[in-house]
Amino acid sequence: MSVGEVLDALASPDNAVRRAVELLQAGEVVALPTETVYGLAGDAGNVQAVAKIFAAKNRPHFDPLIVHVKDRAQAEQVAILEDDVAERLLEAFWPGPLTVLLPKRDSIPELVTSGSLLVAVRSPSHPVFRAVLEALNRPLAAPSANPFGRISPTTAEHVRQGLGDKIALILDGGPCRHGLESTIVYPLNGELHLLRKGPVTQEELEAFGPVKVTSAAGKKAAPGQLTSHYAPGKPLFLVDGPGRVRDRRQAGYLAWKEKPAGFAASEVLSASGDTVEAAANLFAALHRLDAAPVERIYAEKIPGTGLGAAIQDRLTRAAAGR
């Protein structure tokens, strides 16, 4: 087994999927592309494989994993689907970037859910991940394929830089389309508890019932609940605009729409103010600023509605404690 092997899953999909399935069946973990971010996948029913995910990421065992399934039928192998609202959510948004918290079945080890009786489940839409799920015919536990707490990976190169010496295989499926982790929602007593903001927005969820933005209802059961997360190695500070930054010579700047002058390095999320484009660019831009010769990074706040709320959530967590 070669460490950090990268296979082009777009140029040679059959070979890439076959190699990934071989390793997963052997209890190894592999990095796979999704439409949100790259995931570090292992057989969700194999406790040794799940333990390797935690070890490779240096992830604390109190932070649960999302289980990825190919369809509703496979979801029923890992979770109990008896809630009408949950059923309608799956029908509307699967496959896609929505994770639903559901009562778990005994087939899922407690290590996956950090001891919770609930399991986070989603069905990804990326064709490479779906091909692996189809060929393996097993649910896959898969958090983001990066060192714990750091910037999420949206390219295979991000994965190689962060985990290349700790995992066997990376399938390169190109840049992730959404660029933000999935939305996590917990249907409970007729309400939708929005536990993590993401590509499926609060406004879209409100068509299915009252939405309560909270982290309390599923703090232990759902991933992405920590105050500090998605952070670069360099200090990141949130600002209202570049005018609030005095010393720009050794600083990087993440701009919403317009590149400011005077910074050692700068990135623009979307010149047209398109939140879809901004979300897709967010983590890649942070990776570049983190690699630039700067001492600190300033990130400009963006409008906090729709998808902008999910982007702002990631920036707020990345800057936590600064």
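Residues numbered from 1 in each chain as written. Predicted model: local features only at pLDDT ≥ 70, side-chain atom pairs only at ≥ 80, totals over all residues. Heavy atoms only, no water.

Details of the nonpolar core
And then number 1: Residues L89, I167 and L205 are the most contacted members of the largest nonpolar core, which totals 45 residues.
And then number 2: Contributing elements (two or more residues each) for this core: helix 2 (47–57), helix 3 (72–78), helix 4 (84–93), strand 5 (98–103), helix 5 (110–113), strand 6 (118–122), helix 7 (156–163) and strand 10 (191–196).
And then number 3: Sorting elements by how many residues they give to this core places helix 4 first, with 5 residues.
And then number 4: Counting 27 residues, the second-largest nonpolar core is a separate cluster that includes L282, A285, A292 and I297. (Core = buried A, V, L, I, M, F, W, Y, C linked by side-chain atoms within 4.5 Å. Buried < 20%, exposed > 50% of the residue type's maximum accessible area, 1.4 Å probe, protein only. Helix = DSSP H or I, 4+ residues; strand = E, 2+ residues; numbered from the N terminus.)

Remarks on the sheet that holds strand 10
And then number 1: Read across the open sheet, the 11 strands follow the order 1-8-2-3-7-4-6-5-9-10-11; overall the sheet is mixed. Edge strands, defined here as strands with exactly one partner in the open sheet, are strand 1 (5–8) and strand 11 (211–213).
And then number 2: Bridge count for strand 3 (residues 39–43) against strand 7 (residues 140–141) is 2 bridges, and the pairing is antiparallel. Looking at strand 7, one finds that G42 is bridged to A141.
And then number 3: Taken strand by strand, helix 1 (residues 13–25) contacts strand 1, strand 2 (30–32), strand 3, strand 7 and strand 8 (169–172), and its axis lies near 150° from that of strand 8.
And then number 4: Sheet strands touched by helix 4: strand 5, strand 9 (183–188) and strand 10. Its angle to strand 5, the strand with the most contacts, is close to 155°. (Pairing = 2+ DSSP bridges. Contact = heavy atoms within 4.5 Å. Axes fitted to C-alpha atoms, helices over the stretch in contact; angles between N-to-C directions.)

Some thoughts on the layout of surface pockets
And then number 1: Its volume calculated, the largest pocket comes out at about 250 Å³.
And then number 2: Around the largest pocket, the lining is made up of 17 residues, and of these I151, H158, Q161, H287 and D290 lie nearest the centre.
And then number 3: Secondary structure elements with two or more residues in the lining of the largest pocket: helix 7 and helix 9 (275–291).
And then number 4: A breakdown of the residues in the lining of the largest pocket according to their chemical character gives 7 nonpolar, 6 polar and 4 charged.
And then number 5: The computed volume of the second largest pocket comes to approximately 160 Å³.
And then number 6: Surrounding the second largest pocket, 13 residues form its lining, D83, L101, L102, P103 and P187 being those nearest its centre.
And then number 7: Listed by contribution, the elements that provide at least two residues to the lining of the second largest pocket are strand 5 and strand 9.
And then number 8: Taken together, the residues of the lining of the second largest pocket sort by class into 10 nonpolar, 1 polar and 2 charged. (1 Å grid on protein atoms, 1.4 Å probe; cavity = no way out; pocket = protein on both sides within 12 Å on 5 of 7 lines; lining within 4 Å. Points joined across faces, edges and corners; volume = space filled by probe spheres on them. Nonpolar A, V, L, I, M, F, W, Y, C, P; charged D, E, K, R; others polar.)

By themselves, these figures tell us nothing about what the structure is for.
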